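# Remarks on the overall topology
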Amino acid sequence: MNKVLITGGAGFIGTHAADYYLKNGSEVTVFDDFSRKGTHENVSWLKEQHKGKKLTILEGDIRTVGVLDRVIRRQDLVAHLAAQVAVTTSVKNPREDFEINALGTFNLLESVRKNSPETVVLYASTNKVYGEMGNIKIGKRESGYFYEDYPHGIGEKQNLDFHSPYGCSKGAAEQYIHDYSRIYELRTIVFRQSCIYGTRQFGIEDQGWVSWFTIASILNKPMTIYGDGCQVRDVLFVSDLVAAYDLAFKNVNRVNGQIYNVGGGPDNSLSILSLLKILESKLGEKIDLSYSDWRPGDQKVYVSDISKIGKDLGWKPKVNIDEGLAQLIDWTNSNKILVNSVLG
Ligand SMILES: NC(=O)c1ccc[n+]([C@@H]2O[C@H](COP(=O)([O-])OP(=O)(O)OC[C@H]3O[C@@H](n4cnc5c(N)ncnc54)[C@H](O)[C@@H]3O)[C@@H](O)[C@H]2O)c1
C-alpha cells in the first residue's frame, strides 16, 4: 500500500488525486490551509466517498517552516499542489504569492531533503513559465489564435520567460524542485500543466476558465471576456492529469528529474468563443457577454506539445472536450445549490 501526501489536497486537482489514490487502496494524507472556497465541501465529499479508508486531513500552511517534517517521513509520494493559483491575485499581492508558491515549495523540499529523501516529489507547475513567447509567430483565424510554426504546440525546450508574479513564483518553485533532483538526488518530477478542468472545480473569473464559463452559463451569472475571446488554450480533463501523475510516480526510476508539458495538446484546444458556442448548443440558450481589456501576462495562444510525456510514459489524454464538458455540465446541473453557496 502506497502512502501519498497531497498538499493542496482539498482543492480541485488535489481532491481528484486523493479520490484516485483512495480508490486504488493507498493511504492518503491531505494537507491544506482551506483558504480556497469549496475546500471544506471537497473534503466532506472525500470522507463520504471513502468511509473506512485511510484518509487523514491535516490543516496547515505550507509557509510554516517544518510544518511537514513529521508527516513527510512516512510518505512514498508527495504531490505538491498547494498554491496561490490566480495570476490576478499575484499581481495584487506579489509577496503573498511568492511566500506560498516559491517559499512554500522550498519549505517542502527542505522537509523532504532532511527527513525523507526517498519520497518522490511531483510538482504541479504551469505553462505560464514560458511567458508571452513574443518571438513566436501567431496567426488568427475564425477558430482563434494559432502558432504559425508550431503545429504540435510548445515543447519543453521553449525558453523560460516568467511573466507575472505567479509565473515567477511557480517558475522559481519548479526550478528548485528540478535542481534538488540534481544537487541532492531527490526523486522529483515537474509537470508544466496547461488548463485543467473538471468536476468539483469551483472556477472563478480569475482562474479555472472552462469551469467558470460553464458554471456562469448554467447559473446565469454575468460574464466578461478579457481581450477578444479568440485566445486559445489546450485543455485537459482532470482524470487524465491524475492518470499522468500516477504513471510518472510508478515509473519514477525512469523519469526522475524530468520536466513535462502536460495538457490536452493540439487535439484538445479551443478558444473562449468556441467554448461559449459549444455551451450555447449544449445548454440550448444564448449566452450574454461583456468585453474588457486584455489582462497582464495573458497569452494569445498556448498549446502544449505533449509528445515528450507521450513517448516516455505512453500517456495521452483520453477524455475529449465534448465528453469532458458533458461531465462538467452534468455535475454543475446536479450541484447548483452547492456551487452557488461556494461561489456566492
Ligand atoms: N487548474 C489548473 O488549470 C492549473 C494549471 C496549471 C497549474 N496548476 C497548479 O496545480 C495546483 C492545483 O491547482 P488547483 O486548480 O487544484 O487549485 P486549487 O486552488 O483548487 O488548489 C490549491 C489548494 O492549495 C491550498 N492552499 C493555498 N495556499 C495554501 C497554503 N499557504 N498552505 C496550504 N495550502 C494552501 C488551497 O486551499 C487549495 O485547496 C496548483 O499548484 C496550481 O498552480 C493548476
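Source: prediction; values computed, not measured.

Right, let's get into the site of the ligand. Not every one of the 29 residues close to the ligand is listed here, only the nearest: Gly8, Gly11, Ile13, Ala83 and Ala124. Contributions of two or more residues to the shell around the ligand are made by helix H1 (12–23), helix H4 (94–115), strand E5 (120–126) and strand E9 (195–197). Here the shell around the ligand gets three residues from one element, more than from any other, and that element is H1. Residue composition of the shell around the ligand, grouped by class: 13 nonpolar, 10 polar and six charged.

Strand pairs in the sheet, formed through backbone hydrogen bonds, run parallel or antiparallel to each other. In space, the seven strands of this open sheet follow the order E3-E2-E1-E4-E5-E8-E12, with parallel pairing throughout. Either end of the sheet is taken by a strand with one partner, and the two such strands are strand E3 (55–59) and strand E12 (259–262). Strand-to-strand twist across the sheet, computed as the mean angle between neighbouring axes with direction ignored, equals 20°. Where strand E2 (residues 27–32) meets E3, five bridges bridge the pair, whose relative direction is parallel. Bridge assignment links aspartate 32 to a residue of E3, and that residue is glutamate 59. H1 contacts strand E1 (3–7), E2, E3, strand E4 (77–80) and E5 of the sheet and is inclined by roughly 165° relative to E2.

For leucine 109, the location among the structural elements is in helix H4. Taking the C-alpha atoms as reference points, leucine 109 and threonine 188, 79 residues apart in sequence, are found 9.9 Å from one another. If sequence neighbours within four positions are ignored, leucine 109 has contacts with Tyr176, Ile177 and Tyr180.

Here the focus is H1. Counted at 1.5 Å a residue, the expected span for H1 with its 12 residues is 16 Å, and the 17 Å between its end C-alpha atoms agrees. Among the 12 residues that make up H1, 10 are buried, leaving the element largely enclosed by the rest of the structure. Those residues of H1 that sit buried are Phe12, Ile13, Gly14, Thr15, His16, Ala17, Ala18, Asp19, Tyr20 and Tyr21. Glycine 25 sits one or two residues past H1 and shows a positive phi near 90°.

What counts and what doesn't
Residues numbered from 1 in each chain as written. Predicted model: local features only at pLDDT ≥ 70, side-chain atom pairs only at ≥ 80, totals over all residues. Near = placed C-beta within 6 Å. Helix = DSSP H or I, 4+ residues; strand = E, 2+ residues; numbered from the N terminus. Nonpolar A, V, L, I, M, F, W, Y, C, P; charged D, E, K, R; others polar. Pairing = 2+ DSSP bridges. Axes fitted to C-alpha atoms, helices over the stretch in contact; angles between N-to-C directions. Contact = placed C-beta atoms within 7 Å. Expected span 1.5 Å × (residues − 1). Buried ≥ 20, exposed ≤ 12 C-beta atoms within 10 Å, placed from the backbone.

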